[in-house]
Amino acid sequence: MARHPILKMGDPRLLTVAKPVTAFDTPELHQLIADLRETMAGANGAGLAAPQIGVDRQVVLFGSGAVNPRYPNEAIIPATVLINPVITPIGEEEQSGWEGCLSVPGLRAVVPRWMHIRYTGFDEFGRTIERTASGFHARVAQHECDHLIGKLYPMRVRDFSQFGYVETLFPELSALEGDDD
Ligand code: NI
């Protein structure tokens, strides 16, 4: 396993539509998942997408099964590997909530997302995943899957008066060790 540098906003590799995975349960795919997992854990990330480490594949990780120290007031999300995902909103309700991104370090903004979604895809063994999610779980899934279509959360912001630096908005969070988001 290896912790990789995380690409930052401005890198054109964050703005492309990622290629689908066509072969499951391969050494290469397991290595990619291991590298993403280590990189995400090392950065206290709520999620990470393959394009963020420069890999042009439709692979995202999110959740850890525990409270994330960067989002201490949010619900626990199960540790999830999601490949070739499809997100479908359930209903039309939106919810606004704070988001950060390891590719946009030091900043956060209020971003509108679908409140309730269904997401489908595959795990690294090619097993089908189909889940419904709401609230923070749904938000994180939408944020990560956006990385696979070249969208970073600032592109979703509608109210730029709620966009700022973590150290100013949430001084208690900016003290987290090793955390640049
Ligand atoms: Ni992100």
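You'll find the structure just up there.
Residues numbered from 1 in each chain as written. Predicted model: local features only at pLDDT ≥ 70, side-chain atom pairs only at ≥ 80, totals over all residues. Heavy atoms only, no water.

A.B. asks: Honestly, the environment of Phe122 in this entry has me stumped. Any pointers?
C.D. replies: In this structure, Phe122 sits in strand β6 (residues 116-122). The exposure class of Phe122 is partly exposed, given its relative accessible area of 29%. (Helix = DSSP H or I, 4+ residues; strand = E, 2+ residues; numbered from the N terminus. Buried < 20%, exposed > 50% of the residue type's maximum accessible area, 1.4 Å probe, protein only.)

A.B. asks: How do you make sense of the pairing of strand β3 (residues 80-89) when you look at a structure like this?
C.D. replies: Relative to β3, strand β2 (residues 59-62) runs antiparallel, the two sharing four bridges. Along β3, the bridge assignment pairs Val60 with Leu82. Where β3 lies against β6, five bridges are found, and the strand directions are antiparallel. Bridging across to β6, Val86 finds its partner in Thr120. (Pairing = 2+ DSSP bridges.)

A.B. asks: Mind showing me how you'd approach helix α1 (residues 27-42) here?
C.D. replies: Within an α-helix, residues lying three or four positions from one another point in the same direction, as the helix has 3.6 residues per turn. Its 16 residues give α1 an end-to-end C-alpha distance of 22 Å, which sits within 8% of 22 Å, the value for a rise of 1.5 Å per residue. Within the span of α1, buried status applies to Leu29, Leu32, Ile33, Ala34, Asp35, Leu36, Thr39 and Met40. Residues of α1 that are buried sit in contact with β1 (47-49), β2 and β3. Looking at the residues trailing α1, positive phi occurs at Asn44, about 55°. (Expected span 1.5 Å × (residues − 1). Contact = heavy atoms within 4.5 Å.)

A.B. asks: What am I meant to see in the coordination of the nickel ion here?
C.D. replies: Six octahedral donors at a metal ideally form angles of 90 or 180 degrees, and four tetrahedral donors ideally form angles of 109.5 degrees. Around the nickel ion, the protein contributes the donor atoms Cys101 (SG), His143 (NE2) and His147 (NE2), at 2.1 to 2.3 Å from the metal centre. Linear spacing of the donor residues for the nickel ion on their chain is C-x41-H-x3-H. Taken together, the residues span a long stretch of sequence, with Cys101 in the loop between β4 (94-99) and β5 (107-114) and His143 in helix α2 (residues 135-147) at a distance of 42 residues. We classify Cys101 as buried; its relative accessible area is 3%. Note on His143: relative accessible area 7%, which makes it buried. (Donors = N, O, S within 2.8 Å, 3.2 Å for Na, K, Ca; no water.)

A.B. asks: Is there a simple way to think about the sheet that holds β1 in this case?
C.D. replies: Two modes of strand pairing occur in sheets, parallel and antiparallel, and in both the strands are linked by backbone hydrogen bonds. Judged by pairing direction, the sheet is antiparallel, and its five strands sit side by side in the order β1-β2-β3-β6-β7 without closing on themselves. In this open sheet, the two strands that pair with only one neighbour each are β1 and β7 (128-134). Within the sheet, the average angular offset between the axes of one strand and its neighbour, ignoring direction, is 40°. Against the sheet, α1 contacts β1, β2 and β3, and its axis sits at roughly 40° relative to β2. (Axes fitted to C-alpha atoms, helices over the stretch in contact; angles between N-to-C directions.)

A.B. asks: I would appreciate a short explanation of the side chain of Gln142 in the present structure.
C.D. replies: Within the element layout of this structure, Gln142 appears in helix α2. Residues in contact with Gln142, not counting those within four places in the same chain, are Ile87, Arg113, Trp114 and Ile117.

A.B. asks: Please clarify how the environment of Leu32 should be interpreted in this entry.
C.D. replies: If you trace the backbone, Leu32 turns up in helix α1. Under the relative-accessibility criterion, Leu32 is labelled buried at 11%. Along the backbone, Leu32 and Leu61 are 29 residues apart, and their C-alpha atoms lie at a distance of 11 Å. If we skip the residues at most four places from it in the chain, Leu32 touches Ala50, Ile53, Val55 and Val59.

A.B. asks: Teacher, can you tell me more about the packing of aromatic side chains here?
C.D. replies: Two numbers describe a pair of aromatic rings. These are the distance of the centres and the angle of the planes. Under the counting rule described, the total for this entry stands at six aromatic pairs. Note on Phe62 and Tyr119: the rings are 5.6 Å apart at their centroids and 85° apart in plane angle, and the pair reads as edge-to-face. With a gap of 57 residues between them, Phe62 in strand β2 and Tyr119 in strand β6 connect regions that are remote in the sequence. The burial state of Phe62 is the same as that of Tyr119; both residues are buried. A cation sits over an aromatic face here: Arg108 above Tyr71, 4.3 Å from the ring centre. Its end group placed over the ring of Phe170, Arg108 keeps NZ or CZ at 5.5 Å from the ring centre. (Phe/Tyr/Trp six-rings, centres within 6.5 Å; stacked < 30°, edge-to-face > 60°. Lys NZ or Arg CZ within 6 Å of the ring centre and 35° of its normal.)

Without other data, these values stay purely geometric and don't point to any function.
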